[in-house]
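# Structural features, examined
Here is what each chain is made of, one letter per residue.
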Amino acid sequence: MAPRPRKRASRPTKPRAGSRRGGGGDDDPFFESEPKRRRGGRDEDIESEDSDDDAVAFGGAVDEDEDEVEGVKEGDEETAGEKKMRIAKEWLKTLTDAAKREEDDEDEDEEEVGGRRVAEILQRRQLEESGRKRRELAARVLPPEPKDGFKVIVKHRQPVTAVALSKDSDKGFSASKDGVIMHWDVETGRSEKYLWPSENVLISHHAKPPLSAKRSKHVLSLAVSSDGRYLASGGLDRHIHLWDVRSREHIQAFSGHRGPISCLAFGPDSSELFSGSFDRSIMQWNAEDRTYMNCLYGHQNEILTMDALSKDRLLTVARDRTMHLWKVLIFLNYSIHSATENFKKSCSIHSATASLKTLYGQIPEESQLVFRAPASASLECCSFIDDKEFLSGSDDGSIELWSIMRKKPTFIVRNAHPSLDSDDQELPNENGIHKPENFSMAQSWVSAVAARKGSDLAASGAGNGLVCLWAIEPDSKGIRPLFKFKLDGFVNSLAIAQSGRFIVAGVGQEPRFGRWGRVRSAQNGVAIHPIRLKEEKDDL
């Protein structure tokens, strides 16, 4: 038989708190009532941990700060409604803080975008000013209003042969065949006249005695320095005269050319002065030190016009039907003192050059590119667009666009300044060529071209009563006509403001280099025409 299981001794069970059994169970703290248990320190800690676990289980947030944990007063329980309200408030606060952070991020992004935009605009303008990026002005030109037109702001007795604008385009200078040089304000038109000194003063300023009984005051060219301190004039007396712009006094006369001075140009941001003459030579001077520096040869006929783009880039046009682009040798102005003294003593270009060779050894040759005009044209004027492209005007009425990459024009505008419009009266026939009565073919010659350097805006003038505004297409693709402004007379000189908002023309009844044509209805003087531009969207 299997042994019987041994009976375990039954332990007395302790009655639960609040049970029907009475007994001595009150000594056990586990069965104490809730208020009594809350008074115990250790039991209170255990209760607090259970409450925290319950709060986490129900999605509540546990705050380590005792002030925030005690959402209600001590001894009171948090009801279900209060708990829901607290959770809702905490959730609402979380959403509000997130929204604020997003707004702050958006504000910071807008500021960053604005800062980048300003930086891009400043960088673009710096590139445009330095000439590395072409400024687009032609697309912003608006049609002229009916009240717009050329307005004569300075009158001359004789035809105006040259005009020049200061670097900021607020002041202008003009000269005429009678030797009158005027200094005028662009905005007000107020003008002041330069007074020629006596012959003795001119000789004391290193001018040579005149070949005839009286020195010729006929002026053919003007140039103003970029700092606005010096004005240079040249004409039939074969001297370059240097004037002080502030006092309007004559300060120096440069001699050395053997023919009339036909053109002058200051190098940008420098005191380098270049002069071209009918003697086929180009000379380089320093206006600050009043010294001769160099002489360039290459043209085979009279030099007509020139333009300077930088210290060592020069563009010239001559009657040999060629245009030369020069890379000019730049000397330090303080290093040619010996050659200058030799030149002052002997007044000989060859002795000065010999002195330079003594100082430096063999002087390196200047480099030049030669561009030849089309077969049917002879070049009359030129102007830089930028360091890669330039314009020229011809005696057959055409305008040529050139590039340094080609020896021939990349684009030609034929008959840019026709003698008469097609709607005008029928022209008489002479040897198979239609010619108007009392009209010289010289009036259709393009006598002046000008460009706002570093931009795509250019202008041309002739004697046909019109000044044409042109847009230069990018990548040498062509020239596009914009507008035509009426102006009676021969346009002998043109200048476009740095801002591109107006154009200045030197006009006369006769052409600059002769008297083979005449327009009696023209007013000798300086005329200005506004150019209306759209405002740039990214103006600061």
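Once a new chain begins, its residue numbering starts again from 1 and follows that chain's sequence as written. Given that this is a predicted model, residues contribute local features only at a pLDDT of at least 70 and side-chain atom pairs are listed and counted only at 80 or more, while totals for whole chains, interfaces and linings are drawn from all residues. The side-chain numbers reported here are obtained from all heavy atoms of the structure, hydrogens and water having been left aside.

Rule in force here: UniProt positions are given in the numbering used here, feature names are shortened, and annotations may be inferred rather than shown by experiment.
Looking at an unreviewed UniProt entry, one finds the protein chain named U3 snoRNP-associated protein-like EMB2271, with Digitaria exilis as its source organism. Recorded in UniProt under Subcellular location (unreviewed entry), the annotation for the protein chain is "Nucleus".

### Digging into the sheet that holds strand 24 (residues 448-451)
Rules: For two strands to be treated as a pair, DSSP must find at least two bridges joining them. Secondary structure elements follow DSSP: runs of H or I of four or more residues count as helices, runs of E of two or more count as strands, with numbering from the N terminus. Inter-axis angles, ranging from 0 to 180 degrees, are taken between N-to-C directions of lines fitted to C-alpha atoms, where helices are fitted over the stretch in contact.
In space, the four strands of this open sheet follow the order 24-25-26-27, with antiparallel pairing throughout. Edge positions in the open sheet fall to strand 24 and strand 27 (479-486), since each of these has one partner strand only. Strand-to-strand twist in this sheet, taken as the mean axis angle between neighbours without regard to direction, amounts to 20°. Bridge count for strand 26 (residues 466-472) against strand 27 is seven bridges, and the pairing is antiparallel. When the sheet's bridge partners are listed, Ile472 is paired in strand 27 with Ile479.

### Comments concerning the state of the cysteines
Stated precisely, the cut-off is as follows: Note on terminology: disulfide denotes any pair of cysteine sulfur atoms within 2.5 Å. Exposure is judged per residue with a 1.4 Å probe applied to protein chains only, and the accessible area is read against the type maximum: over 50% gives exposed, under 20% gives buried, and values in between give partly exposed.
Applying the stated criterion across every chain, the model contains zero disulfides. Cys382 provides the cysteine sulfur closest to Cys263, a residue in no disulfide bond, and the two sulfurs are 8.0 Å apart. A relative accessible area of 4% means that Cys263 is categorised as buried.

### What to know about the environment of Glu380
Heads up, the rule is: The criterion used for residue contact is that any of the two residues' heavy atoms lie within 4.5 Å.
Residue placement: Glu380 occurs in strand 18 (residues 379-384). Residue class for Glu380 comes out buried when judged on its relative accessible area of 14%. The contact partners of Glu380, leaving out residues within four places of it in the chain, are Leu304, Thr305, Val317, Gly393, Ser394, Asp395, Trp445 and Val446.

### What about the sheet that holds strand 16 (residues 322-327)?
The antiparallel open sheet is built from four strands, whose spatial order is 14-15-16-17. Strand pairing shows two members of the sheet lacking a second neighbour, strand 14 (303-310) and strand 17 (367-372), which therefore form its edges. Direction aside, neighbouring strands of the sheet carry axes that sit 20° apart on average. With six bridges joining them, strand 14 and strand 15 (residues 313-318) adopt antiparallel strand pairing. Of the residues in strand 15, the one forming a bridge with Ile303 is Ala318.

### Remarks on the nonpolar core
Put simply, the rule is: The nonpolar core is taken to be a set of buried Ala, Val, Leu, Ile, Met, Phe, Trp, Tyr and Cys residues, with the residues joined through side-chain atoms within 4.5 Å.
Counting 23 residues, the largest nonpolar core has Phe150, Leu469, Leu487, Leu494 and Ile503 as its most contacted members. Where this core is concerned, the elements lending two or more residues are strand 24, strand 25 (457-461), strand 26, strand 27, strand 28 (490-496) and strand 29 (502-508). Setting aside its immediate chain neighbours within four residues, Ile503 contacts Phe150, Ala459, Val467, Leu494, Ala495, Ile496, Ala527, Ile528, His529 and Ile531.

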